[in-house]
Amino acid sequence: MPVPSDARAAVDPAPIVDVAIGYMAAKQLFAAGEAGLFAALADGPAPLDEIVARTGLPARTALILADTMVGLGLLERGDAGYANSPATAHHLAGSGEGVDLRPFLTFLDGVSYPHWLGFGETSRTARPAPLDLGGDRLGTFLGGVMTYNALHAAMLVRCYDFGGHRRVLDLAGLSGSFLAEALRAHPGLSATFMSDGDLVGHAENTLAAAGVEDRVEVTGGDPLSGEVPTGFDLVLLEHVVHRFDPEHNRRIVAAARKAAEPGARLLLLDFFLEPTGTPRLIDTLHAGEYLVIDGTTVYPRAEVEEWLVEAGWHPVDVLELPGSPRVIVAEAR
């Protein structure tokens, strides 16, 4: 039966089109960041001709990029010309006020985006595309990942009060940024960072740069086989569970429980899927990102919480961090 004309008119195709052309917005954002568009507006609004002079972009390109950023809410336009939004002023203009996300954009453009060109094959096979980290690509990869982790750390400290804790363990984590942010915000806090491989050196450098290295013990060790220190009233598992299979994750959360005092808190930070309701888009997109990049897994939150309960943790809350993963908050039973 034909659809009535009034019903056809009421069907809005915009959601489909908006998603389908989303890569155009991302590529223009990457180009704008690389050209220094946001840095050119760091001192305040400017007309198009000044943007052209400051960035060296052709006038036609500058107009396209600037107008697209206005349409995306990343620039504002008024009588004085174009101006950064609060977010771009904070994170893309090089002002030093917030986490500078420009290395993250460079990683997305130079490493992640080319990988996504093969996502059709990855989705059919559930196998990641080969990841080439030769030449300067390794530096781009690490710079982007660690920058994004620094954002997560800043958002965690904004959303969770570390002030009620004395001693925190970052177990098998990826980045020293989480302890760096917490220790800078709370001078009475001390910490231990335990991980293995090159992550130890990265953490030492990050903590030293933050000026908090005197309150952190950085130790190399495998949490699955090594001796984990004890006596902590807070344990942090940041970006751990997506890197391991379920059995290894059970062992890690059990090791975290042994490290914790009775009544201690656990903060388990990662992306999670939701089997019911409307999923959080940033979680599902990163499930695809982890699959296509290296084959790691974004797990359903309910499955992760089952591991926690088995190990003696009681989930009590879930925190949503802006532009970042979520955090399962649990207490040691």
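The structure this text deals with has already been given above.
These figures come from a predicted structure and were not determined experimentally.

Peer 1: Give a description of the overall build of the protein that names residues and reports values.
Peer 2: Within the protein, the secondary structure is distributed over 15 helices and 9 strands. Dimensions of the protein, computed from the C-alpha atoms along their principal axes, are close to 60 × 60 × 40 Å. Looking at the protein residue by residue over its 333 residues, the buried ones come to 43%. On the protein, roughly 16,100 Å² of surface is accessible, and the fraction owed to carbon and sulfur atoms is 56%. Taken as two groups, the 24 positive and 44 negative side-chain charges of the protein have centres that lie 3 Å from each other.

Peer 1: Any details on the packing of aromatic side chains? Residues and values, ideally.
Peer 2: Inspection of every chain in the model, using the stated rule, returns 7 aromatic pairs. Taking 4.2 Å as the distance between ring centres and 15° as the angle between the ring planes, the aromatic pair formed by Phe104 and Tyr148 counts as stacked. Placement of the pair is Phe104 in helix 8 (residues 102-116) and Tyr148 in helix 10 (residues 137-159), with a sequence separation of 44 residues. Here Phe104 and Tyr148 have matching classes, each one buried. Three or more aromatic residues joined by ring pairs make a cluster, and in this case those are Phe104, Phe107, Phe141 and Tyr148. Lying over the aromatic face of Tyr113, Lys27 brings its terminal NZ or CZ to 4.6 Å of the ring centre.

Peer 1: Break down the pattern of salt bridges for me, citing the residues and quoting the values.
Peer 2: Evaluated as defined, the whole model comprises 15 salt bridges. Note that Glu261 is salt-bridged to Arg166, the shortest N-O span being 3.2 Å. Of the two residues, Glu261 is situated in strand 7 (residues 260-270) and Arg166 in the loop between helix 10 and strand 3 (167-171); the sequence distance between them amounts to 95 residues. The exposure class assigned to Arg166 is partly exposed, which follows from its relative accessible area of 46%. Residues joined by salt bridges that share partners form a network here, namely Glu274, Arg280, Asp283, Arg301, Glu305 and Arg326.

Peer 1: An account of helix 6 (residues 59-71) is requested, with residue identities and associated values reported.
Peer 2: Taking 1.5 Å per residue, 13 residues should reach 18 Å; helix 6 reaches 18 Å between its end C-alpha atoms and fits that length. All of the buried residues in helix 6 are Ala62, Leu65, Ala66 and Met69. Buried positions in helix 6, seen along its axis, are confined to an arc of 95° and lie on one side of it. Exposed residues pointing more than 90 degrees away from the buried face of helix 6 are listed as Arg60 and Gly71. Once helix 6 finishes, Gly73 follows within two positions and takes phi at roughly 80°, a positive value.

Peer 1: Before we move on, could you go through unusual backbone geometry and cite the residues and values that matter?
Peer 2: Phi at Ala172 is positive, roughly 60°, even though this residue is not glycine. One can find Ala172 in the loop between strand 3 and helix 11 (177-185). Residue class for Ala172 comes out buried when judged on its relative accessible area of 2%. Phi at His239 takes a positive value of approximately 55°, unusual for a residue other than glycine. By relative accessible area, which is 2% here, His239 ends up buried.

Reading guide: rules and limits
Residues numbered from 1 in each chain as written. Predicted model: local features only at pLDDT ≥ 70, side-chain atom pairs only at ≥ 80, totals over all residues. Heavy atoms only, no water. Helix = DSSP H or I, 4+ residues; strand = E, 2+ residues; numbered from the N terminus. Buried < 20%, exposed > 50% of the residue type's maximum accessible area, 1.4 Å probe, protein only. Areas by Shrake-Rupley, 256 points an atom, 1.4 Å probe, with all protein chains shown as cover. Lys, Arg positive; Asp, Glu negative; His and termini not counted. Charge placed at Lys NZ, Arg CZ, Asp CG, Glu CD. Phe/Tyr/Trp six-rings, centres within 6.5 Å; stacked < 30°, edge-to-face > 60°. Lys NZ or Arg CZ within 6 Å of the ring centre and 35° of its normal. Salt bridge = Lys/Arg side-chain N within 4 Å of Asp/Glu carboxyl O. Expected span 1.5 Å × (residues − 1). Arc of directions from axis to C-beta.

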